[in-house]
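# Remarks on the overall topology
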Amino acid sequence: MIKRILKKYNIDGDLISYERYGSGNINKTFLAVTSKNKYLIQQINDKVFTKPYKLMENIESITDYLKDKIDENHKVLELIKTKDNKCLCYIINEEGDREYYRIYEYIDNTISYDNTDDRDIIFNTGRAFGNFLKLLKDYDLDNLWETIKDFHDTYKRYKRLLCDIEVDRVGRVGEVKKEIEFIKKREKYCSLIMDKLKDGSIPYRVTHNDTKVNNVLMDKDTKQYVAVIDLDTVMKGTMLFDYGDGIRSSASTVSEAETNLDRIYLDMDLFKSYTDGYLSETAKYLTDCEVSLMAEGVHIILIEQCIRFIDDYINGDTYFRIEYEKHNLDRARNQMKLLEDVENHLKEMKEYIYRSYRKYR
Ligand code: ADP
Ligand code: GN1
Ligand code: MG
């Protein structure tokens, strides 16, 4: 299969080996080694990204734009073209369905972390996503397709969860009553940020929308960031969710895979490092209202993540890749524990955000 795909692309050398790669929850990723180079092959999850050609138009346009802006120490994802000069190909699988594939140049000597307690790495992760926002600040917002509709509309996701609870498609609702109550208690927060976007209190920007710590490639030796990756969700949005999701995944004491709830906390040192990294790149461009809501960005993206994992569990695991039956339930419980700890630190977080903002603006 990998050979069939490679044949369609302008590839250097002959295939020597390939293996599944990375720990992304959505796409299927392979590292292929040829006699001359290394390539990152991805099967696009077309249940999640239902318009793969439009998705690739976004990525092509964003990467072209960034190439002219990036400094010599950093890299932009490099798409490999097919023999007929496209960024995407498909093959027909044994069931007669299309499978969509793209290929990136493999960025060597890098690593992506699912979790780390190294403050320098987290500072640099914040810088990477902050720099990404900064480089795209003049990019035309309306030049991007919406690759997943209402991706960070937390309230719509909440309403969808309520519907899915009613339907109880696979009979799991009875098992997660406690978790559902936990989420329902937080309904009032769900629409806060979208309302501010819609009434113009905060600006739409070109945002990454999936600022997980493992969506940055770090240099293995220097701990500097090399490239921001996973550009499938780059769309018009708010920086509050980019910052929030960055803290959610970078400043937890453990990864999303942790099932021992006693080990899950917000690490305030990592929180400070990420915040400093992010604001060192962005403080000069943010509005007062955005800065005033950054802690809420963390709070609300965590509520959203709890909603998404529980909803997927209730629906029979149709969205996130799972490795075992209760994986989504465990992920939801992990995020709930982190959310409670964030709620206990909101005041302290806000104070630090302002301190860091004053330092960098
Ligand atoms: P997903 O959408 O499934 O999260 P990603 O695009 O994030 O997929 O890729 C999964 C993993 O593959 C990343 O976390 C990273 O470790 C690795 N990766 C992705 N692109 C590259 C690349 N161009 N060079 C090196 N590693 C990469
Ligand atoms: C997915 O693709 P990946 O693993 O970087 C998801 C994010 C979630 C994250 C939770 C397109 O990210 O939104 O926050 O899992 N990406 C998409 O781990 O839904
Ligand atoms: Mg990813």
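The following refers to the structure shown. (Residues numbered from 1 in each chain as written. Chains lettered and ligands numbered in written order. Predicted model: local features only at pLDDT ≥ 70, side-chain atom pairs only at ≥ 80, totals over all residues. Heavy atoms only, no water.)

## Re the overall build of the protein chain
The number of helices and strands found in the protein chain is 11 helices and 10 strands. Principal axes of the C-alpha set define a box for the protein chain whose edges measure 55 × 50 × 40 Å. Counting across all 361 residues of the protein chain, residues that qualify as buried make up 55%. Across the protein chain, every contact between residues at least 6 apart in sequence was considered, and the portion connecting residues at least 24 apart equals 74%. If you sum the accessible surface of the protein chain, you get close to 16600 Å²; carbon and sulfur atoms cover 45% of it. (Helix = DSSP H or I, 4+ residues; strand = E, 2+ residues; numbered from the N terminus. Buried < 20%, exposed > 50% of the residue type's maximum accessible area, 1.4 Å probe, protein only. Contact = heavy atoms within 4.5 Å. Areas by Shrake-Rupley, 256 points an atom, 1.4 Å probe, with all protein chains shown as cover.)

## A short note on the pairing of strand β8 (residues 216-219)
Because side chains alternate across β8, one face comprises the buried residues Val 216 and Met 218, and the other comprises Leu 217 and Asp 219, equally buried. Sheet analysis places strand β6 (residues 110-111) next to β8, joined by two bridges and oriented antiparallel. From the neighbouring strand, Thr 110 faces β8, where its bridge partner is Asp 219. Alignment of β8 against strand β9 (residues 225-228), held across three bridges, turns out to be antiparallel. In the strand pairing of β9, Val 216 is matched with Val 228. With antiparallel pairing between neighbouring strands as the criterion, β8 and β9 make up a hairpin whose turn holds five residues, including Lys 223 at a positive phi of roughly 70°. (Pairing = 2+ DSSP bridges.)

## Describing the coordination of the magnesium ion (ligand 3)
Six octahedral donors around a metal ideally subtend angles of 90 or 180 degrees, whereas four tetrahedral donors ideally subtend 109.5 degrees. Each protein donor to the magnesium ion (ligand 3) is listed here as Asn 215 (OD1) and Asp 230 (OD); together their distances run 2.2 Å. Linking Asn 215 in the loop between β7 (205-207) and β8 with Asp 230 in the loop between β9 and β10 (235-237), this pair joins segments that are 15 residues apart in sequence. Residue classification places Asn 215 among the buried positions, given a relative accessible area of 5%. (Donors = N, O, S within 2.8 Å, 3.2 Å for Na, K, Ca; no water.)

## Some details on the site of ligand 1
The immediate surroundings of ligand 1 are formed by 20 residues, with Asn 27, Gln 42, Ile 107, Ser 112 and Asp 230 found nearest. Here an oxygen atom of ligand 1 sits 3.0 Å away from a polar atom, N or O, in the side chain of Asp 230. Protein contact buries 96% of the 550 Å² of open area that ligand 1 shows by itself. Those elements that place two or more of their residues in the shell around ligand 1 are β3 (38-43) and β5 (98-105). (Near = heavy atom within 4 Å. Polar contact = N/O pair within 3.5 Å; in protein donor to acceptor, adjacent residues only side chain to side chain.)

## With respect to the side chain of Ser 273
Tracing the backbone shows Ser 273 in helix α8 (residues 268-282). Residue class for Ser 273 comes out buried when judged on its relative accessible area of 5%. The contact partners of Ser 273, leaving out residues within four places of it in the chain, are Arg 119, Ile 122 and Phe 123.

## Focus on the nonpolar core
Ranked by internal contacts, the top residues of the largest apolar core, which has 102 residues, are Ile 183, Tyr 243, Phe 271, Met 294 and Ile 310. Per-element accounting of this core gives the leading share, 13 residues, to helix α10 (residues 294-314). Residues in contact with Phe 271, not counting those within four places in the same chain, are Tyr 243, Ile 247, Ala 251, Met 349, Tyr 352 and Ile 353. Counting 14 residues, the second-largest nonpolar core is a separate cluster that includes Ile 5, Leu 6, Tyr 39 and Ile 91. (Core = buried A, V, L, I, M, F, W, Y, C linked by side-chain atoms within 4.5 Å.)

## Some details on unusual backbone geometry
Its identity as a non-glycine residue notwithstanding, Asn 85 has a phi of 65°, on the positive side. With respect to the element layout, Asn 85 can be found in the loop between α2 (52-67) and β4 (89-92). Positioned with a positive phi, Asn 209 is a non-glycine residue whose angle comes to about 75°. Structurally, the position occupied by Asn 209 is in the loop between β7 and β8.

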